[in-house]
Amino acid sequence: MDNSFLHSKKLLLVDDEPELLKMVTAILADEGFQRLVTAANMKEGIAAAETEKPDLAILDVMLPDGDGFSLMEQIRTWTDIPVIFLTARDEAADKLSGLGLGADDYIAKPFLPQEFLLRVYAVLRRCYKEDAPILKLDSCTVDFSRAEVDKNGQILPLTAMEHKLLETLARNEGRIVTVDILCEALWGDNPFGYENSLNAHVRRVREKIEADPSKPVSLLTVKGLGYKLLARK
Amino acid sequence: MKAFGKYISKYLLSFFAFALVLLFVNILAFSLTFSGIVSKEYGSASPANMLEAVAADLAASGISEERSQELERNHIWAMLLDANGACDWSVSLPEEIPTQYTIQDVAVFSKGYLQDYPVFVRNMEDGLLVLGYPKDSFMKLTGNYFPVRAIRLFPLFVIGILAIDILLLFLVYYFSKRKISKNTEPIMASIKTLSTGKPVALSIQGELSEIANSVNQASQVLSRQNQARANWISGVSHDIRTPLSIIMGYAGRIASDAVASGNIQQEAEIIRAQSAKIKDLVQDLNLVSQLEYEMQPLHKEPVRLSKLLRSYAADLLNAGIPEKCSLEMEISKDAETAVIECDARLISRAINNLVQNSIDHNPQGCAIRLCLACSDTATFLTVADNGVGLSAEKLQELEEKPHYMESTDERLDLRHGLGLLLVMQIVKAHGGTMEIESAPQHGYKTVLTFQIAIM
């Protein structure tokens, strides 16, 4: 999926290790993010959040003058921008997921650049929708705002279920999405036993998006696991 | 009550032996004390002997000079009363003793005392022989009669009292012992727990409270040390993470830098891959120590294993596995709904370590299979590969080797890796079991068994 529309977002990075800040900014700049703001401690972080008005904050949990959690709480008093935590502790993961502090994601150090970028994109995409999200597939384009598939000029409408299914797969483009996650997206919590219905929906989506539904090239089955959507190269 | 019976059988015999010894000692002490006096009083000067001697010596003219001297030597006086109560003759008769007696006088003194002199009488042919011993030399029982029934009961009474005494003594002994053992048992149990390295908290009142306090203190020292060790490892692993992030970040950047030469890219990729290994090691080390010292709170919740396994496999394939390796899933129909109480993050970690072991030990590539099956009460999670496998000796070695935390051996090759140790600990923390099967060139298979949660 094309993420370039997200490159205009302003990112605030707060970490007390200057080398790490330098490395993370380099990775983000390589990727195309141009509006990057950094801060080394809580005080600077709050000031930067106030004056720069970032679209996403990436916070270290341990800061010299406080912790990332209270920094987030302070920022959240006037804005509800998404927050990703960088943590060097295993326990922090439990704390974040357990206490439901309202962070959008956490990344445990050490992390790989690719993993880091994926997480950042995922959070940004969730919070800032593209104005006209158009997905280009091998033999068609999908317009999510109109819930339509354009297959060589032939317009095929998507049902609500098909729309949700395609959207979930598109958000994870190129990655395997398990049947469990798809069922949850379509039928909500505890969706056990819907595998056959899911198969039926997949079949119908394939009829709309694939040139040859019996030999799919865009919506692939990963045996025993789930499905994978591939965008046009 | 069982303990009581056991206790009696154990101590009764020795207790009775002790009681008998006590009785014997008492009798010995009694006889040693009184034998001197008794033998003296039953010697030639005893009333019975003296009466006999005097009676034999008695003639119409009185007694011989020799006999009267013997009486005087022993401060005994003597007299003979005739049938009318008059004194026929006397030896050393004190002045206050009368010489004429009525039948009432005789009846009274013959049982006891005459003017405070203990007197003894003997019936003679021609009168009554009376011997008077010095005042306070003998005590006479003036009311010397007992009911025959009481006399007959006496031996029974003695035996009964003796038996009751012994029983009471035994009960006192038993209860005091039991009180001690009641207080020592928790101490013993605590020391046993302490020896496995787990903390204890004892609360005991009374004499043994000091020991209990010492045990508690030892436990506190132990848990403080464990806490310190766990904190130390967690601190080190924390401090390594940030520099490692920077190394991995830059290595990754160089590896994908189009401007860098192929050689440099390859080398950067090696740095990246090795850093990833250190990352896993650091995470494992921290987790192992947290689990070992029970610092890691388990976030157990009902988890559908099939979902967890698929999610893990999807993440692994999305992140990419070596080209020569493949991953296959096999979840039986009934295992699809199996739910266990577990910490999902830890179970994923255990599966990952097993899968990574298969990948690492088979650089030539292998097919990895993840299977989930279940019975009525348990689920069986299998991670298997078709790689090089292990020989029987190596497999045995693997199962018997002590791990990092327990080994005091300096030879590192005698311990096995952290990865498998962590799997063992995670399985243990979830009350499950782990089984390894392997044969050379026939792959390596690990089966983790967990109890199904009763919903």
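Now for a quick tour of the structure. Starting afresh in each chain, residues are numbered from 1 along the sequence in its written order. Chains and ligands are labelled sequentially in the order written, the chains with letters from A and the ligands with numbers from 1. For this predicted model, a pLDDT threshold of at least 70 governs which residues receive local features, and a threshold of 80 or more governs which side-chain atom pairs are given and counted, while totals over whole chains, interfaces and linings are taken from all residues.

1. Things to note about the overall build of chain A
So the rule is basically this: Starting at the N terminus, helices and strands are each numbered in turn, a helix being any DSSP run of H or I of at least four residues and a strand any DSSP run of E of at least two. Neighbour counting defines burial: a residue surrounded by 20 or more other C-beta atoms within 10 Å of its own C-beta is buried, one with 12 or fewer is exposed, and intermediate counts give partly exposed, using backbone-placed C-beta atoms. Here the contact rule is simple: place C-beta atoms from the backbone, and any two residues whose C-beta atoms are within 7 Å are in contact.
Across its full length, chain A holds eight helices and 14 strands. Residue burial in chain A is summarised as follows: out of 233 residues, 32% are buried. Sequence separation of at least 24 residues holds for 52% of the intrachain contacts in chain A that already meet a minimum separation of 6.

2. Here's the deal with the overall build of chain B
Within chain B one finds 11 helices and 12 strands. Here chain B, with 455 residues, has 24% of them falling under the buried criterion. Of all intrachain contacts in chain B linking residues separated by at least 6 positions in sequence, the fraction that spans at least 24 positions is 61%.

3. Observations concerning the sheet that holds strand 9 (residues 141–143) of chain A
All names here are of chain A. The cut-off we apply is this: One requirement defines pairing of two strands: DSSP has to find at least two bridges between them. For every element, the axis is a line fit to its C-alpha atoms; helices are fit only across the contacting stretch, and the angle between N-to-C directions ranges from 0 to 180 degrees.
One open sheet accounts for four strands, arranged 8-9-10-11; its pairing is antiparallel. A single partner strand is all that each edge strand has here, and the edge strands are strand 8 (134–136) and strand 11 (154–157). In this sheet, adjacent strand axes meet at a mean angle of 20° when their direction is disregarded. Sheet topology note: the strand 8/strand 9 ladder contains three bridges and is antiparallel. Of the residues in strand 9, the one forming a bridge with Ile-134 is Asp-143.

4. Comments concerning helix 9 (residues 344–361) of chain B
Short version of the rule: For a helix, the expected span equals 1.5 Å multiplied by the residue count minus one.
Compared with the 26 Å implied by 1.5 Å per residue over 18 residues, the 26 Å span of helix 9 of chain B between its first and last C-alpha is a close match. Buried within helix 9 of chain B are the following residues: Leu-346, Ile-347, Arg-349, Ala-350, Ile-351, Asn-353, Leu-354, Val-355 and Ser-358 of chain B.

5. With respect to the environment of Thr-379 of chain B
Residue and element names in this part refer to chain B. Note that Thr-379 resides in strand 10 (residues 378–385). Classification of Thr-379 as buried rests on a count of 23 C-beta atoms within 10 Å. Separated by 45 residues in the primary sequence, Thr-379 and Asp-334 have C-alpha atoms spaced 9.9 Å apart. Setting aside residues up to four positions removed in sequence, Thr-379 forms contacts with Leu-305, Ala-335, Ala-338, Ile-340, Leu-372, Cys-374, Phe-450 and Ile-452.

6. Some points on the interface of chain B and chain A
Counted only if it meets this: Gly counts as polar in this scheme, as do all residues outside two lists: the nonpolar Ala, Val, Leu, Ile, Met, Phe, Trp, Tyr, Cys and Pro, and the charged Asp, Glu, Lys and Arg.
Contacts between the two partners involve 28 residues from chain B, matched on the other side by 28 residues from chain A. Looking at the side of chain B that touches chain A, the elements that each hand over two or more residues are helix 6 (209–255), helix 7 (262–292), helix 8 (305–319) and strand 7 (326–331) of chain B. No other element matches the 11 residues that helix 6 of chain B contributes to the side of chain B that touches chain A. Of the residues assigned to the side of chain B that touches chain A, the class counts are 10 nonpolar, 12 polar and six charged.

7. Structural notes on the packing of helix 9 of chain B against helix 11 (residues 418–429) of chain B
For any two helices packed against each other, one specifies the inter-axial angle together with the distance between the axes. Residues and elements named next belong to chain B. Note the following rule: By definition, any crossing whose near helix is turned counterclockwise from its far helix by less than a right angle is left-handed, and any crossing with a clockwise turn is right-handed.
Where helix 9 contacts helix 11, the axes come no closer than 9 Å and their chain directions differ by 145°. The two elements helix 9 and helix 11 cross, and the hand of that crossing is left-handed. For the pair helix 9 and helix 11, the contacting residues are Leu-346, Ile-347, Arg-349, Ala-350, Asn-353, Leu-354, Gln-356 and Asn-357 in the first and Gly-419, Leu-420, Leu-422, Val-423, Ile-426 and Val-427 in the second.

8. Regarding the environment of Pro-133 of chain A
Residues and elements named next belong to chain A. You can see Pro-133 is positioned in the loop between helix 5 (113–127) and strand 8. Remark: the alpha-carbon pair of Pro-133 and Phe-144, spanning 11 residues in sequence, is separated by 6.0 Å. Aside from chain neighbours lying at most four places away, what touches Pro-133 is Phe-144 and Ser-145.

9. Digging into the nonpolar core
Spelled out, the test is: Core membership is restricted to buried Ala, Val, Leu, Ile, Met, Phe, Trp, Tyr and Cys residues, and these are joined into a nonpolar core through C-beta atoms within 7 Å. Boundaries of every domain are those given by an automatic assignment or by a domain database.
Core analysis: the biggest nonpolar cluster contains 60 residues, and Leu-309, Ala-350 and Leu-422 of chain B have the highest contact counts within it. For this core, the two domains that each supply at least three residues are domain 3 (209–292) and domain 4 (301–451) of chain B. In contact with Leu-422 of chain B, other than residues within four places in its own chain, are Asp-284, Leu-287, Val-288, Arg-349, Ala-350 and Asn-353 of chain B. Formed by 37 residues, the second largest nonpolar core is a distinct cluster that contains Phe-33, Ala-39, Val-61 and Leu-63 of chain A.

10. Thoughts on the sheet that holds strand 2 (residues 87–91) of chain B
Residue and element names in this part refer to chain B. Pairing in this open sheet of five strands is antiparallel, and the strands run 2-1-5-4-3 from one edge to the other. Bordering the open sheet on either side are strand 2 and strand 3 (113–114), each of which pairs with just one other strand. In the sheet, strand 4 (residues 117–124) pairs with strand 5 (residues 127–132) via six bridges, with the strands oriented antiparallel. What sits directly across from Asn-123, in strand 5, is Leu-128. Lying on the sheet, helix 2 (residues 47–57) is in contact with strand 1 (77–81), strand 4 and strand 5; it crosses strand 5 at an angle near 135°.

11. Considering helix 3 (residues 68–75) of chain A
All names here are of chain A. Inclusion rule: What the arc measures is the spread of directions leading from the helix axis to the C-beta atoms.
Within the span of helix 3, buried status applies to Gly-68, Leu-71, Met-72 and Ile-75. Taken down its axis, helix 3 places every buried residue within 100° of arc, on the same side. Residues Ser-70 and Glu-73 are exposed on helix 3 and point more than 90 degrees away from its buried face. Where the residues of helix 3 are buried, they touch strand 1 (10–14), helix 2 (42–52), strand 3 (56–60), strand 4 (62–63), strand 5 (66–67) and strand 6 (83–87).

12. Here's the deal with unusual backbone geometry
The peptide bond linking Lys-109 of chain A to Pro-110 of chain A adopts the cis configuration, its omega dihedral lying at -5°. Relative to the helices and strands, Pro-110 of chain A is located in the loop between strand 7 (105–108) and helix 5. Look at His-75 of chain B: it is not a glycine, yet its phi comes out positive at around 55°. Structurally, His-75 of chain B can be placed in the loop between helix 3 (65–73) and strand 1.

Read these as geometric descriptors, not functional statements.
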